[in-house]
Amino acid sequence: MWRVRRAAVACEVCQSLVKHSSGTKGNLPLQKLHLVSRSIYHTHHPTLKLQRPQLRTSLQQFSSLTSLPLRRLKLSPVKYGYQPHRNFWPARLAARLLKLRYLILGSAVGGGYTAKKTFDQWKDMIPDLSDYKWIVPDIVWEIDEYIDLEKIRKALPNSEDLAKLAPDFDKIAESLSLLKDFFTTGSPGETAFRATDPGSESDKRYRKGLLGELILLQQQIQEHEEEARRAAGQYSTSYAQQKRKVSDKEKIDQLQEELLHTQLKYQRILERLEKENKELRKLVLQKDDKGIHHRKLKKSLIDMYSEVLDVLSDYDASYNTQDHLPRVVVVGDQSAGKTSVLEMIAQARIFPRGSGEMMTRSPVKVTLSEGPHHVALFKDSSREFDLTKEEDLAALRHEIELRMRKNVKEGCTVSPETISLNVKGPGLQRMVLVDLPGVINTVTSGMAPDTKETIFSISKAYMQNPNAIILCIQDGSVDAERSIVTDLVSQMDPHGRRTIFVLTKVDLAEKNVTSPSRIQQIIEGKLFPMKALGYFAVVTGKGNSSESIEAIRDYEEEFFQNSKLLKTSMLKAHQVTTRNLSLAVSDCFWKMVRESVEQQADSFKATRFNLETEWKNNYPRLRELDRNELFEKAKNEILDEVISLSQVTPKHWEEILQQSLWERVSTHVIENIYLPAAQTMNSGTFNTTVDIKLKQWTDKQLPNKAVEVAWETLQEEFSRFMTEPKGKEHDDIFDKLKEAVKEESIKRHKWNDFAEDSLRVIQHNALEDRSISDKQQWDAAIYFMEEALQARLKDTENAIENMVGPDWKKRWLYWKNRTQEQCVHNETKNELEKMLKCNEEHPAYLASDEITTVRKNLESRGVEVDPSLIKDTWHQVYRRHFLKTALNHCNLCRRGFYYYQRHFVDSELECNDVVLFWRIQRMLAITANTLRQQLTNTEVRRLEKNVKEVLEDFAEDSEKKVKLLTGKRVQLAEDLKKVREIQEKLDAFIEALHQEK
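Because the structure is predicted, anything quoted here is derived from the model rather than measured.

### Examining the overall build of the chain
Thinking step 1. The number of helices and strands found in the chain is 35 helices and nine strands.
Thinking step 2. Across the 997 residues that make up the chain, the buried fraction comes to 41%.
Thinking step 3. When contacts within the chain are restricted to residue pairs at least 6 apart in sequence, those whose partners lie at least 24 apart make up 80%.
Thinking step 4. Of the roughly 58400 Å² that the chain leaves accessible, carbon and sulfur atoms contribute 51%.

### Here we look at the state of the cysteines
Thinking step 1. One pass over the full model with this rule turns up one disulfide.
Thinking step 2. The residue that forms a disulfide with C893 is C911, at a sulfur-sulfur distance of 2.1 Å. With the S-S dihedral at roughly -100°, the linkage between C893 and C911 falls on the left-handed side. Residue C893 is located in the loop between α31 (867–892) and α32 (897–901), and its partner C911 is located in the loop between α32 and α33 (912–956); the two are separated by 18 residues in the primary sequence. By the burial criterion, C893 is buried, and C911 matches it.

### Topic: the nonpolar core
As a rule of thumb, nonpolar side chains are buried together in soluble globular proteins.
Thinking step 1. Formed by 101 residues in total, the largest nonpolar core has its most connected members in W662, Y674, W697, W778, I920 and V947.
Thinking step 2. By residue number, the principal contributor to this core is α33, which donates 17 residues.
Thinking step 3. With residues near it in sequence (within four places) discarded, W697 still touches V665, H668, V669, I673, L702, P703, I920 and M923.
Thinking step 4. Among the nonpolar cores identified, the runner-up in size contains 67 residues, and I302, V366, V585 and A601 belong to it.

### A closer look at the UniProt feature "coiled-coil region" (unreviewed entry) in the chain
Thinking step 1. As annotated in UniProt, the feature "coiled-coil region" (unreviewed entry) corresponds to residues 207–290 and 933–960 in the numbering used here.
Thinking step 2. End C-alpha to end C-alpha, residues 933–960 measures 36 Å, and it is 96% helix and 0% strand.

### So, the pattern of salt bridges
Thinking step 1. Evaluated as defined, the whole model comprises 37 salt bridges.
Thinking step 2. Between K738 and E641 there is a salt bridge; the shortest N-O distance is 3.2 Å. Residue K738 is located in helix α25 (residues 735–748), and its partner E641 is located in helix α21 (residues 627–644); the two are separated by 97 residues in the primary sequence. E641 shares its class with K738; the two are buried.
Thinking step 3. Of the charged contacts in the structure, one is a salt bridge between D953 and R748, with a shortest N-O distance of 3.0 Å. Placement of the pair is D953 in helix α33 and R748 in helix α25, with a sequence separation of 205 residues.
Thinking step 4. We classify D953 as partly exposed; its relative accessible area is 35%.
Thinking step 5. Taking the relative accessible area as the measure of exposure, R748 reaches 32% and is therefore partly exposed.

### Considering empty space enclosed by the protein
Thinking step 1. Counted under the stated rule, the structure contains four cavities of 30 Å³ or more.
Thinking step 2. Reported here for the second largest cavity is a volume of approximately 60 Å³.
Thinking step 3. Taken together, D691, L694, K695, T698, H764, L767, E768 and R919 make up the lining of the second largest cavity.
Thinking step 4. Put simply, the parts of the chain that give the lining of the second largest cavity at least two residues each are α23 (683–700) and α26 (755–768).
Thinking step 5. Here the element with the most residues in the lining of the second largest cavity is α23; it accounts for four residues.

### Quick notes on the packing of aromatic side chains
Thinking step 1. Summed over all chains, the structure comprises 14 aromatic pairs.
Thinking step 2. Between F378 and F385, the ring centres sit 6.1 Å apart and the planes meet at 90°, which makes this aromatic pair edge-to-face.
Thinking step 3. According to the relative accessible area criterion, F378 is buried, its value standing at 2%.
Thinking step 4. F385 sits in the buried class, given a relative accessible area of 3%.
Thinking step 5. Ring geometry for Y674 and F882: centres 5.7 Å apart, planes at 50°, overall tilted. Of the two residues, Y674 is situated in helix α22 (residues 650–678) and F882 in helix α31; the sequence distance between them amounts to 208 residues.

### Here we look at a nonpolar patch on the surface
Thinking step 1. Residues W808, W812, L813 and Y814 make up a contiguous nonpolar surface patch of roughly 620 Å² in combined accessible area.
Thinking step 2. L813 sits in the exposed class, given a relative accessible area of 61%.

### As for a positive patch on the surface
Thinking step 1. A contiguous patch of positive charge, built from K736, K747, K960 and K963, is present on the exposed surface.
Thinking step 2. For the positive patch, the secondary-structure elements that each account for two or more residues are α25 and α34 (958–964).

### Quick look at α21
Thinking step 1. Compared with an ideal rise of 1.5 Å per residue, which puts 18 residues at 26 Å, α21 spans 26 Å between its outermost C-alpha atoms and is within 8% of the ideal.
Thinking step 2. The set of residues buried in α21 consists of R627, L630, F631, A634, I638, L639, E641, V642 and S644.
Thinking step 3. At its buried positions, α21 is contacted by α24 (702–723), α25, α33, α34 and α35 (968–996).

### Some words on the sheet that holds strand β6 (residues 431–435)
Thinking step 1. On the basis of which strands lie adjacent, the open sheet formed by nine strands has the order β4-β3-β5-β2-β6-β1-β7-β8-β9 and mixed pairing. The open sheet is flanked by β4 (385–386) and β9 (534–537), the only strands paired with a single partner.
Thinking step 2. Pairing of strand β1 (residues 328–332) with β6, which is carried by three bridges, proceeds in the parallel orientation. Paired with V330 across the bridge in β6 is D435.
Thinking step 3. Helix α15 (residues 485–492) rests against β1, β7 (469–475) and β8 (499–504) of the sheet, and its axis sits at about 160° to β7.

### Quick word on a negative patch on the surface
Thinking step 1. Judged by side-chain charge, E417, E949, E952, E956, D957 and E959 come together as a negatively charged surface patch.
Thinking step 2. When residues of the negative patch are assigned to their parent elements, the largest contribution, three residues, is made by α33.
Thinking step 3. Along the chain, the position of E949 falls in helix α33.
Thinking step 4. You can call E949 partly exposed: its relative accessible area is 33%.

### Overview of the confidence of the model for the chain
Thinking step 1. Of all residues in the chain, 68% attain a pLDDT of 70 or more, and the chain-wide mean is 75.
Thinking step 2. Model confidence for the chain, summarised as mean pLDDT per element, is weakest for helix α3 (residues 58–63) at 37 and strongest for β1 at 91.
Thinking step 3. Confidence over residues 317–322 falls short of pLDDT 50; this stretch has seven contacts with residues more than four positions distant or in other chains.

### Quick notes on the side chain of S586
Thinking step 1. With respect to the helices and strands, S586 occurs in helix α20 (residues 578–618).
Thinking step 2. Ignoring anything within four residues of it in the chain, the contact list for S586 reads Q429, R430 and M431.

Cut-off values and rules
Residues numbered from 1 in each chain as written. Predicted model: local features only at pLDDT ≥ 70, side-chain atom pairs only at ≥ 80, totals over all residues. Heavy atoms only, no water. Helix = DSSP H or I, 4+ residues; strand = E, 2+ residues; numbered from the N terminus. Buried < 20%, exposed > 50% of the residue type's maximum accessible area, 1.4 Å probe, protein only. Contact = heavy atoms within 4.5 Å. Areas by Shrake-Rupley, 256 points an atom, 1.4 Å probe, with all protein chains shown as cover. Disulfide = S-S within 2.5 Å. Core = buried A, V, L, I, M, F, W, Y, C linked by side-chain atoms within 4.5 Å. UniProt positions renumbered as here; feature names shortened; annotations may be inferred. Salt bridge = Lys/Arg side-chain N within 4 Å of Asp/Glu carboxyl O. 1 Å grid on protein atoms, 1.4 Å probe; cavity = no way out; pocket = protein on both sides within 12 Å on 5 of 7 lines; lining within 4 Å. Points joined across faces, edges and corners; volume = space filled by probe spheres on them. Phe/Tyr/Trp six-rings, centres within 6.5 Å; stacked < 30°, edge-to-face > 60°. Patch = residues over 30% accessible without salt bridge, like charges linked within 9 Å, V, L, I, M, F, W, Y side chains within 5 Å. Lys, Arg positive; Asp, Glu negative; His and termini not counted. Charge placed at Lys NZ, Arg CZ, Asp CG, Glu CD. Expected span 1.5 Å × (residues − 1). Pairing = 2+ DSSP bridges. Axes fitted to C-alpha atoms, helices over the stretch in contact; angles between N-to-C directions. pLDDT = per-residue confidence, 0-100.

Encoded structure:
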């Protein structure tokens, strides 16, 4: 329609041009026609290259108006050969009006597009609140139960009524297309119309009227759009209400599923935020470790609290003190998953594991705290195990297993001794957990008979603490009736005020249990007499020991996301996953700590006051030295006494060595060397016998005997210095320790192996020498010989007295009598003495006929004797006779030094026995001197070194110190030190706790 009208106008313009040019010569060429005429009717002319653009839709036309130029285009006049006056008032009017409309409509449309674009930007800036639908209360979703939406739906208009209210978008598009055609331009440099004069007043009025119509039209369009939006919103609301009006069961299922997805999504958001927070904290801690902030990091609260518990554990390993500080005690049946739950909380596979075998053999205290790196370390070791490396994890598990087996005594299966382990890592919940051995129902082969009772006693000892949080682990894959731990927990916490129940292996339970409601009854505590503060269900993996913590966590989340237990509301979202369990246990732990720690600090203050008062009353002048301090004091005293050995004079060493060595070898010298040699008939035979026997003795026995004597002498002197009282400074509390150190040092000390070889050469050379240089040495040898013979004579007379009984003086004075055997020995002695009087040079042995003669003489007097009794009696009688004869000969040799110098030539006196004793005496002196040098130069230092090693070993053995340093004073000082340390650590912890608040 629009194109037809436009074509007609163009035809009229062309016709008028033809009419006005009729008086000219020839026809007007096509190039002289108006541009509009050429562009409409003569597009086929070969010189025309302009083409009409394709018609666009109204929406495209509307959106393209913002790109129209707002400046006035200056038209270039076209000159013709002959142009009379032409009246183009319709064209001028249309050009002016279209120019005004162009400005107004372009501004309006451009402003609308800009507003729409701004609205879209604001809309994009608004956050997506779909993730927070869970914040909306449940009553919003149940609004159809309180409001009759069906009536509202019927009151709303239907789709036909809404269609009537909607604007006629086709008409609007047609109007906009018409306007666009007016504004369509040709090629650059050309315009649709040529401007003429500025116009008249009628043109201005027409433009105002047209502007008003355009504004009115825009308002109507906006009103129609608003009505359309409202109608569409009401219609969508009614449609959503109709769609939501489904059966109750489907609605409940849908809401539960949406709630589950929302909670899981919220959980993932929390995990992501916590992961980011963990990384940031890790970076901060790493910077602090590198010293970027140049400040010393304070100990964390959980580390301070763990130190308090460690001191308490050392204070009383039997756990009998009034220690009511909170701990998380993990108890459960064997293989119920206690260790796996603890590993999920610690985020590392740190415990040894076995299939059905008891692995936890002693309590393990695990302190969880935050740190830049995921590491673990023992309380008594500086080695850190990197929990991100499988090699360190394996080494940690092996170390824990070794420590457990070391704690278990011989003949036992479990031990009450606690292993203390610290685990640090980013994002770990701060708390202290104690993993106890699993409760068993039957003692199997290989276990100690009292294993079951021991486990019960250990578990009760930890759970009877009124502030201990009991984490009761129940295996969900077995029948609840088979559980033992629930009865034990209900006895210790009957009201369930500090018990958290955890059902493990829920995936197996859901698969195997035919009635899911049974799991709900277990979680709600309806199947047990036990009450609990909270109930949780967790999954600790698929049963594969090689699974990582991340894989287990993903499997647990996936299981609960698809589990019917959550979809059917048997379990709530906050009751599942080990992560929620860890958060709940940590919150409960710190709540318990804040409520009880100050009360415990006050109780330790009272204990400290009582101990200090007792010490002042019993030991007012003594310092409060604990066992370690007393050991250090005793250690210094012992080392001083060892050093005092080096201050012993050489003369004293040689005297005691010479005396001890002679006491050791005198019997051998008299019985095996002197007596056999003295039975010879001449001096040559005597000297030959002596030389042979001395050589044999030196090669085989003498050096060894000398070293033994020296070592025993060193022990005696060391013992004398260790045990002799020091006057008022002596403290008998060290006596047991000193005795133990002395015995252990002597046991470890060994004499130098090369000492015997060098000593053998020296002794052999000394015994080879027979030259007595002066009378003094001769007299000294005689004196030495007389002492030796008199000592032997005295021993022989004592032996004869014991053999024959008391003499007549003792019988009359002390009322003693002889036995029948002693009477026989006495008669035999008397008979043998008669024989010796007849022959004083009788040899040492009786002949057989002499024995027969003696026996017959005794039988004639009515005394029955045995030949062996005659020989035994003869040995002692002849020994006494020989020693008396030797002493008489020794007195004669006092004047024999002159004859000795002349080698006893022309002299009936022979003193070879004196020379023998001089050789023995000189050998003893030289040996004593050699041993003294070895003692002072080598052995004393080696003994001092051994003593230091023994003291160092004792210092590391706490059991040894407890055994050797005992007494009321020691125990009182030990208790006082521990209580002070506990109180100081508790005060520091409470101060830090208040600062954190």
